[in-house]
Amino acid sequence: MVERRPLLLFIQHAVLIFGAAVFVFPIYLAFIASTHTAREVNSGLPLLPGGQMFDNYATVLGEGLSTAGAPPIGLMLMNSTIMALAITLGKLVISLLSSFAIVYFKFPFRVLAFWTIFITLMLPVEVRILPTYEVVAQLGMLNSYAGLSVPLIASATATFLFRQFFMTVPDELTEAARIDGAGPMKFFRDILVPLSRTNIAALFVILFIYGWNQYLWPLLVTTDESYYTIVMGIQRMVNAGEETPQWHLIMTTAILALVPPVVVILGMQRLFVRGLVEVEK
Amino acid sequence: MARLVALEVHVLTKKVTFSHRWLPYLLVAPQIAITLVFFIWPASQALYQSVLRQDAFGLKTEYVGLANFAKLFNDPLYLQSFYTTITFSALVAGVSMAVALVLAVMADRVVRQATTYRTLLIWPYAVAPAVAGVLWWFLFNPTIGIAAYALDALGYDWNHYVDGGDAMTLIVVAASWRQVSYNFLFFLAGLQAIPKSLTEAAAIDGAGPLKRFVTIQLPLLSPTVFFLLVVNVVYAFFETFGVVHATTDGGPGQATTILVYKVWRDAFQGLNLGSSAAQSVVLMAIVIALTAIQFRFIERKVEY
């Protein structure tokens, strides 16, 4: 900037630091609660970490909350990981394939295929809850990893992003590949996919967070505890029966539930920001 | 129809294409199959069931035309839920965009540390809405929550189990918290795309920071504002089920029963098939309207 306004600069930093503090505060408190005993938490939460951290995390990961009827958190973490990865990889694979077909081939019904994919943008699971549940039930996919992930795999956004990217790939590459006698699949595997690496990585971050944070869908398709995911498991713990919620353990679980996506987002921040802005363009 | 054609033109292929008799079908097959089975079929089922009435045992079904819809819009509970959802969405969009804009403007001006602040501010986006709900619930818990305690010290008796306004505030805060990160990223990107020469020229001409913001940055940011408005409304309408379900359960009374929560409850607890299907259809109409607005806007952005 061409001007110097020390007071303004001070205010800016103050606002930003205050904003960041407000943002961190709920997580900080959750972390504090996860290091204390139930009694300490219930009799006015201290503002500094206590000494129960190791015990709480061990309890939650090992035994779970038997009183709350929830399985060990370790299992829920694994379920969440499986679901998030299945959704992410599934979406990436089918979107890469279908956008390749739509951009690189001329075939009857091509535009129809495009529109069929496009329309999924307008049908989020929240607006077709019951009929989708019925389809999954009829297919015998309740309480299974397939039921958790497959119905969420179709993605218009990923298909669009790849389509847009493929359109910018120079035609010379395709021609060169054809002259060298490469078939479409060889071109796809050896040229197109490697070129899309950055886009794939950016989408990976966004889709992983999307998959990990699913709530309504796992709530519907799982009644068997051994398929609970961690995000929905927390709710079961909070509303467990008549007892007062065991906040110290609930907060321990909350921390465990939010660490993986936060690590992914911070670790791949640059890709995430780029991917987000591009997907929504 | 004209715009349908206009969009169709965009479905281009490359100039150099491959030709193969069955390979392209094989390539689109997985996505088309999943879309048909889990999207198109259930959606058409919702449409179909919305004009039927089933008796309590599921033995008899009869065609009732638009009776389910008529009943819905004469149901004060449904209308109230509509009103609740609109209030909730307006508050979430307003609060999260206003906070994000202030933070983004501040971060944009401190060029060197902008990335540091961005790192500090983006990660709540990774937190699931349901988990965000539980975190804020803990903070505002009337018996042990620190925020409730602080409010009590200020003379406000916070209890979201009893007071509908308190419950609404709780879900608005929890839902906005995570959305601020998202809006912040877009506002910051939008602000950084404005040529520095514009604001610097204005500064040399003696325009203060506020004046520059109002006359230069805000107008240039208006496409971002509009885009985020739609995205935030969609988020508040459809992606906040977890916040409500994990915290207030739609209560006290009906105070936080948003439409998505109601369609779930009527389907899975009330077992009211026809009504639930009709509600689904209304929700679909809302998404389609919002998507159309968004696309219209994107198209215009492309044109100009």
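Structure first, text after, so check above.
Below, the structure is looked at part by part. Source: prediction; values computed, not measured.

As a further point, take the overall build of chain A. When its secondary structure is counted, chain A shows 15 helices and zero strands. Along the longest, intermediate and shortest principal axes, the C-alpha atoms of chain A span 75 × 65 × 35 Å. Looking at the 281 residues of chain A, the share that counts as buried comes to 54%. Across chain A, every contact between residues at least 6 apart in sequence was considered, and the portion connecting residues at least 24 apart equals 69%. Counting only carbon and sulfur atoms, one obtains 66% of the accessible surface of chain A, whose full area is about 11700 Å². Where the 16 positive side-chain charges of chain A centre and where its 17 negative ones centre are 13 Å apart.

This part is about helix 1 (residues 6–33) of chain A. Since the α-helix turns once every 3.6 residues, residues separated by three or four places project in the same direction. Spanning 28 residues, helix 1 of chain A covers 39 Å between terminal C-alpha atoms, matching the ideal 40 Å at 1.5 Å per step. At Phe25 of chain A, helix 1 of chain A shows its maximal kink, close to 40°; a proline, Pro26 of chain A, follows between one and four residues later.

This part covers the interface of chain B and chain A. The interface is formed by 101 residues belonging to chain B together with 116 residues belonging to chain A. Interface area for chain B against chain A, summed over the two sides, is near 9900 Å², with a carbon-plus-sulfur share of 77%. One can count one salt bridge joining chain B with chain A. Measuring nitrogen to oxygen at the nearest pair gives 3.8 Å for the salt bridge that ties Lys14 of chain B to Asp171 of chain A. Taken together, the connections running from chain B to chain A amount to 17 residue pairs in polar contact (both at pLDDT 80 or more). At 21 residues, helix 2 (residues 23–49) of chain B tops the list of elements feeding residues into the side of chain B that touches chain A. Classifying every residue of the side of chain B that touches chain A gives 71 nonpolar, 20 polar and 10 charged.

Counting through the fold element by element, Thr256 of chain B comes out in the loop between helix 11 (241–246) and helix 12 (259–268). In this view, Thr256 of chain B contacts Thr84, Ala167, Met168, Ile171, Val244, Thr248, Gly250 and Gly251 of chain B; residues no more than four positions away in its chain are not counted.

Another point: the pattern of salt bridges. Any two side chains of opposite charge can pair if their charged atoms end up close together. All names here are of chain A. With the rule as written, the count across this model stands at five salt bridges over all chains. Across the pair Lys186 and Asp190 runs a salt bridge, and its minimum N-O distance is 2.8 Å. Taken together, the residues span about one helical turn, with Lys186 and Asp190 both in helix 10 (residues 184–195) at a distance of four residues. Given the relative accessible area of 42%, Asp190 is considered partly exposed. Arg189 is the partner of Asp190 in a salt bridge, and the nearest nitrogen-oxygen pair spans 3.9 Å. When salt bridges with common partners are traced through the structure, they connect Lys186, Arg189 and Asp190 into a single cluster.

Our next topic: the nonpolar core. If you look at the biggest cluster of nonpolar residues, it comprises 151 residues, and the most contacted ones within it are Phe272 of chain A together with Val131 and Phe238 of chain B. Broken down by element, this core gets its largest block of residues, 15 residues, from helix 8 (residues 164–192) of chain B. Setting aside chain neighbours within four positions, we find Phe238 of chain B in contact with Glu126 and Val127 of chain A together with Val260, Leu283, Ile286, Val287 and Leu290 of chain B. In terms of nonpolar packing, the next biggest core, distinct from the first, is built from 37 residues, Tyr104, Phe165 and Leu203 of chain A together with Leu27 of chain B among them.

About the criteria used
- Residue numbers run consecutively from 1 along every chain, following the written order of its sequence.
- Numbering of ligands from 1 and lettering of chains from A proceed in the order in which they are written.
- Reporting of local features is limited, given that this is a predicted model, to residues whose pLDDT is at least 70; pairs of side-chain atoms are given and counted only at 80 or more, and all residues count toward the totals for whole chains, interfaces and linings.
- Excluded from the side-chain calculations are hydrogens and water; all other atoms, namely the structure's heavy atoms, are used.
- Helical segments are the DSSP runs of H or I of at least four residues, strand segments are the runs of E of at least two, and each set is numbered from the N terminus.
- Buried means the residue's accessible area, taken with a 1.4 Å probe over protein chains only, is under 20% of the maximum for its type, while exposed means over 50%, and partly exposed covers the values in between.
- Here, two residues are considered to be in contact whenever any of their heavy atoms come within 4.5 Å of each other.
- In these tables, accessible area is a Shrake-Rupley quantity obtained with a 1.4 Å probe, and a residue counts as shielded only by the protein chains included in the view.
- Within this scheme the basic residues Lys and Arg register as positive and the acidic residues Asp and Glu register as negative, but His and the chain ends are omitted.
- Each charge is placed at NZ for Lys, CZ for Arg, CG for Asp and CD for Glu.
- Working rule for helices: expected span equals 1.5 Å times residues minus one.
- One axis fitted to the seven residues ending at a residue, another fitted to the seven starting there: the angle between these axes is the bend at that residue.
- The term buried area means the drop in 1.4 Å probe accessible area that two parts suffer when joined, counted for both and summed.
- Whenever a carboxyl oxygen of Asp or Glu lies within 4 Å of a side-chain nitrogen of Lys or Arg, that contact is scored as a salt bridge.
- Any pair of nitrogen or oxygen atoms within 3.5 Å is treated as a polar contact; in protein, a donor-acceptor pairing is required on top of that, and neighbouring residues in sequence qualify only through side-chain atoms on both sides.
- Residue polarity follows a fixed list, in which Ala, Val, Leu, Ile, Met, Phe, Trp, Tyr, Cys and Pro are nonpolar, Asp, Glu, Lys and Arg are charged, and the others, Gly among them, are polar.
- We define a nonpolar core as any set of buried Ala, Val, Leu, Ile, Met, Phe, Trp, Tyr and Cys residues linked to one another through side-chain atoms lying within 4.5 Å.

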